[in-house]
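# Structural overview for review
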Amino acid sequence: MSQVLDRPGIIFEDQTSENPFDMNIFPDKVWVLHHPSTDRYGCNEHKGIHGVACFSNEGRAIAFTEWISLSGMTTKEVDFDEARDIAKSRPLPCVSLQLLDDIQNPQIHFVR
């Protein structure tokens, strides 16, 4: 069953709720990767789900840019709602905003 979550974030290991997303919260501000000359954003695909990549701090965003070897990318701090709007504005198959602080276990917020 799929659920659209208002503001998901980090899953706590000791959480006992049936819905593991109840306590999740994305940061109020996130860092996205932007390519100004093409107006494109850094994206990620996790288990078939495509989304705009975001990070809780600039250092993680810079490290991701270096890891994927994309030149010309800049970091940009935006609030959560603006990050959602960026993800919504991207063409399909982009359907989410992904907090990639843990690249193996991203927190996914679906925008469509």
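I will try to describe carefully the structure that is included in this document.

Rules of the game
- Residues numbered from 1 in each chain as written.
- Predicted model: local features only at pLDDT ≥ 70, side-chain atom pairs only at ≥ 80, totals over all residues.
- Heavy atoms only, no water.
- Helix = DSSP H or I, 4+ residues; strand = E, 2+ residues; numbered from the N terminus.
- Buried < 20%, exposed > 50% of the residue type's maximum accessible area, 1.4 Å probe, protein only.
- Areas by Shrake-Rupley, 256 points an atom, 1.4 Å probe, with all protein chains shown as cover.
- Arc of directions from axis to C-beta.
- Contact = heavy atoms within 4.5 Å.

## Considering the overall build of the protein chain
Scanning the protein chain for helices and strands turns up 2 helices and 7 strands. Within the protein chain, the fraction of its 112 residues that count as buried is 38%. Carbon together with sulfur atoms contributes 51% to the accessible area of the protein chain, which is approximately 6,800 Å² in total.

## Brief notes about helix H1 (residues 58-68)
For H1, the full list of buried residues reads Ala61, Phe64 and Thr65. Projection of H1 onto a plane perpendicular to its axis shows the buried side chains occupying an angular sector of 100°, all on one side. H1 presents Glu66 and Trp67 as exposed residues on the side facing more than 90 degrees away from its buried surface. Of the surrounding secondary structure, the elements contacted by the buried residues of H1 are strand E1 (29-35), strand E3 (43-46), strand E4 (49-55) and strand E5 (74-79).

## Examining the environment of Met73
Of note, Met73 is situated in the loop between H1 and E5. We classify Met73 as buried; its relative accessible area is 17%. Each C-alpha atom of the pair Met73 and Pro36 lies 7.4 Å from the other, and the pair is 37 residues apart in sequence. Setting aside chain neighbours within four positions, we find Met73 in contact with Leu33, His34, His35, Tyr41, Gly42 and Thr65.

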